[in-house]
Structure formats: structure tokens, C-alpha cells
Amino acid sequence: MDQLELNPRIIAAVSRAHLKSAREVLCVSGSDLQRVTGLSSSDVQQLLIAAATSCRRHHPIAALVLHRKFDAGLRLSVGCPVLNQLLRGGLLVGGVTELSGESGAGKTQLALQLCLSVQYPTQYGGLHSGAVYICTEDSFPIKRLQQLITDQSLLRSDVPPSLISSLQFSDRIYIEHVADLDSLQVCLSRRVPLLLTRGLVRLLVVDSLAALFRSEFQAADWLERSKQLLTFSSTLHHLSSRFTTPVLCINQVTDFLSSSDDSLGPLSSSVSPALGLLWANQVMVRLMMRRLQVTVAQGDQSSVLRRLEVVFAPHLARSGRDAAVEGEGVLTSV
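Residues numbered from 1 in each chain as written. Predicted model: local features only at pLDDT ≥ 70, side-chain atom pairs only at ≥ 80, totals over all residues. Heavy atoms only, no water.

A. Focus on the side chain of Arg306. Relative to the elements of secondary structure, Arg306 occurs in strand E11 (residues 301-312). Buried and unpaired, Arg306 has no salt bridge, with Glu326 as the nearest side chain of opposite charge at 8.2 Å. A polar contact of 3.2 Å, which involves the side chain of Arg306, links it to the backbone oxygen of Ala105. Sequence-distant contacts of Arg306, defined by excluding residues within four places in its chain, comprise Gly104, Ala105, Gly106, Met289, Arg290, Arg291, Leu292, Arg321, Asp322, Ala323 and Val325. (Helix = DSSP H or I, 4+ residues; strand = E, 2+ residues; numbered from the N terminus. Buried < 20%, exposed > 50% of the residue type's maximum accessible area, 1.4 Å probe, protein only. Lys, Arg positive; Asp, Glu negative; His and termini not counted. Salt bridge = Lys/Arg side-chain N within 4 Å of Asp/Glu carboxyl O. Polar contact = N/O pair within 3.5 Å; in protein donor to acceptor, adjacent residues only side chain to side chain. Contact = heavy atoms within 4.5 Å.)

B. Structural detail: unusual backbone geometry. Going from Asp207 to Ser208, the amide bond is cis rather than trans, its omega being 0°. The residue Ser208 is located in the loop between strand E6 (201-207) and helix H12 (210-216) in this model. Positioned with a positive phi, His128 is a non-glycine residue whose angle comes to about 55°. Examined against the element boundaries, His128 turns out to sit in the loop between helix H7 (107-117) and strand E4 (130-135). Residues other than glycine seldom take positive phi values, yet Thr244 does so here, at roughly 50°. On the secondary structure map, Thr244 appears in the loop between helix H13 (222-243) and strand E7 (247-251). The exposure class assigned to Thr244 is partly exposed, which follows from its relative accessible area of 25%.

C. Structural view of H7. In terms of burial, H7 is largely enclosed, as nine of its eleven residues are buried. Among the residues making up H7, those that are buried are Lys107, Leu110, Ala111, Leu112, Gln113, Leu114, Cys115, Leu116 and Ser117.

D. Structural detail: the pairing of strand E3 (residues 96-101). Most of E3 sits inside the fold, with six of its six residues counted as buried. With burial as the criterion, each face of E3 is covered, one bearing Val96, Glu98 and Ser100 and the other bearing Thr97, Leu99 and Gly101. Where E3 lies against E7, five bridges are found, and the strand directions are parallel. Bridging across to E7, Ser100 finds its partner in Asn251. (Pairing = 2+ DSSP bridges.)

E. Here's a closer look at the nonpolar core. Counting residues in each nonpolar core, the largest one holds 49 residues, and the members touching the most others are Leu87, Tyr133, Leu203, Leu287 and Leu308. Per-element tally for this core: the top contributor is H7, with six residues. With near-sequence residues (within four places) excluded, Leu308 lies in contact with Leu83, Leu86, Leu99, Leu110, Leu287, Met288, Met289, Ser319, Gly320 and Arg321. Grouped together as the second largest cluster of nonpolar side chains are 35 residues, Val96, Leu181, Val206 and Trp279 included. (Core = buried A, V, L, I, M, F, W, Y, C linked by side-chain atoms within 4.5 Å.)

F. Quick peek at the environment of Pro314. Mapped onto the fold, Pro314 is located in the loop between E11 and strand E12 (320-326). Taking the C-alpha atoms as reference, Pro314 lies 7.1 Å from Met284; in sequence the two are 30 residues apart.

G. Expanded view of helix H4 (residues 41-55). Look at H4: 21 Å from first C-alpha to last across 15 residues, which is about the 21 Å you get at 1.5 Å a residue. Restricting attention to buried positions, one finds in H4 the residues Asp43, Val44, Leu47, Ala50 and Ala51. One side of H4 carries all its buried residues, which in axial view fall inside an arc of 130°. Its buried side turned inward, H4 meets helix H1 (8-16), helix H2 (22-26) and helix H3 (30-37). (Expected span 1.5 Å × (residues − 1). Arc of directions from axis to C-beta.)

H. Looking closely at the packing of aromatic side chains. As enumerated under the stated definition, the model contains four aromatic pairs in all. Ring plane angle 35° and centroid distance 6.1 Å describe the contact between Phe232 and Trp279, whose orientation is recorded as tilted. Taken as a pair, Phe232 in helix H13 and Trp279 in helix H14 (residues 276-280) lie far apart in primary sequence, 47 residues in all. In terms of burial, Phe232 and Trp279 fall into one category: buried. Ring-pair connections join several aromatic residues into one group, and the members of that group are Phe213, Phe232 and Trp279. Across the ring face of Tyr120, the terminal group of Arg156 is positioned such that the distance to the ring centre comes to 4.7 Å. (Phe/Tyr/Trp six-rings, centres within 6.5 Å; stacked < 30°, edge-to-face > 60°. Lys NZ or Arg CZ within 6 Å of the ring centre and 35° of its normal.)

I. Representation of the pairing of E7. Of all five residues in E7, five are buried; the element is thus mostly enclosed. Going residue by residue along E7, you find Val247, Cys249 and Asn251 tucked away on one face and Leu248 and Ile250 tucked away on the opposite face as well. As paired elements, E6 and E7 share four bridges and run parallel to each other. Considered in E7, the bridge of Asp207 is made with Ile250.

J. Spatial organisation of the packing of H3 against H4. The contact between H3 and H4 brings their axes to 10 Å, and the two run at 115°. Judged on the interaxial angle alone, H4 and H3 are roughly perpendicular. Classified by chirality, the crossing of H4 by H3 is right-handed. Residues Gly30, Leu33 and Gln34 of H3 form the contact with H4, whose own contacting residues are Ser41, Val44, Leu47 and Leu48. Residue composition of the contact of H3 with H4, grouped by class: four nonpolar, three polar and no charged. (Axes fitted to C-alpha atoms, helices over the stretch in contact; angles between N-to-C directions. Parallel < 35°, antiparallel > 145°, perpendicular 65-115°, else oblique. Left-handed = near helix turned anticlockwise from the far one by under 90°. Nonpolar A, V, L, I, M, F, W, Y, C, P; charged D, E, K, R; others polar.)

These values are about where atoms sit, not about what they do.
Quick look at the structure:
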């Protein structure tokens, strides 16, 4: 028990209950653990997670990965070692990942960073291909992209400078602007499959998801909206499965007034991803970015600290890492 990464207070409570190993802990229900140890519900949850992790011989693999025979070890790097560690290497190449957060949280910054990362060879965390970026709200942030391209050697110190200079980053990012759901469906069913078939792209980004569904439907149109959302989700999953391509959907958030424990929401926030439970059941991985009330300085630059959190995923624990948006991209601040 002393080898578990737990607060000494929790370990002491377990010792007083005469539970001597992680396996013994896992044989006791959560409610019984609370009773015999006197720990709170959150403490017992931490204890069970730590005990289960110590007994696990191999990292878990999502059932969808096994079913579709994806390469379980293949990931799309985020471009930051600490954030990659949080995501166990980066984005899964199969399935839909949602990145939600308030305006200005850094969602688009991270999406742009992934559009550059995908172009590197696999030994540097890329997929050696381009990206297609679908904008549904604002125009594509081309100036910010150019800044990220210019500063790639600062962000990706693990990549030889000669390789970075040889890549024509901007030539391999295909930009689409859609104004309604019909245009989005045409884009996803015709133009995007053509790019994927030709091997020109291996990353699909939709920025943002909620904008079209919020603007085209009223509250009374919930049934039609649900049908359209399921059709949209089915198309994304088909593209991801057929072409072994990571799909990133950027989502907006809504305020919520519930104090209950919401396993589909962030670890600590007063907002929840938009589009409700129906959409939550369509994504494999849900990530959230938040702005923290902390400013960090690096040299003569300062920025507001952000936090990237894993809300749910079949292969990841609920956790988070702090990061800052600098000139070269989203990276952890030392």
C-alpha cells in the first residue's frame, strides 16, 4: 500500500482498517470502504483508482480500437511533451475527439497546432499528411497560423531544424467555410472524402460544432435537431474508421446550475459542453480547456494560464495539466 501514489492520510486510514494490499482494497465495495476507513467519497474514489492502476499489467485499449483494428500505439502528437503525457501520446487515430471550452480558452490554438503536428513523420508524432479545417463561425485565423509556422523550431525542439524547414506547412492545410448544415454535409460527404482518398489529409477539424446546430434550430425543433446531429456524427465516425483519421470537433459550452456530480462534465467548472447528452454519447474522447485566473510570465511575455482536462475517455484517467498560449503555441509553463 505504501507504493501507491496517494495522500499519506488515505494510506493511514486504510492501514487502520487492516487492508494490506491493493487487491484487498478492490475486493471491498465503495460504501464499505467509506464505513471501515472513515474516508470521504472522493477519497475512496482516489483509493480505488490508485489500487486498480497498480494491479493493471497493461494500459487499457479502447474496444473500438480493437474492433476496428486500429494501431493502438499510433497517436497524433499535440506538440507538447507534458500534454502528450496527459493524453498518452496524443489524439487517437480512430474515433471522434471533442475539445470544448469558453471563448478565448485556447481551443483554436490547439487545433492549429495539431494541423501542423500531423504533417511530421510518425517518429515525431505526426501522420505524414495534411489537415482539413472546416470553419463554421469565424474566418480561418491565417495570421496566427503563419506565426505558429514561423516559430515551429521553438516549439518542436525534438525535430531536426532541417526537417522543419523542408515542410511546406501552409500548403497542406485545406480550409473550408460552411454557413449551414446542408453545406457542412456536402463538404463532409464529397470534398473531405476526396482529400482523404488521395492521401492529402489525415486530420479533420470542425470549428465549431455547436454554432450551426444552435443557429438553425429552435427549442421546439429538438427532434429534427437530434436527427441531424446523429447524421453528422455518423458521417464523422465513418470517415474516421474508413481512413484511420483522427477527427477533432471544437465545441462551445453552456452554463449549468447543477451541483450534482456530472461525469460528462469537466472536473471543476460552472460550464458544460453544448448539445447535451445526445452529442456526448457520440464522442470517444471529451477534452476541455479552461482559462485560469493566473498569469504566467516567460521572458518579456506574459499570458493567462490555461488548463487542459480529460473529461472522459475509454483509455485515459480524468486528469488535467496547466498550459500557456505563447507565441510558438500551446505548451506547459515550467
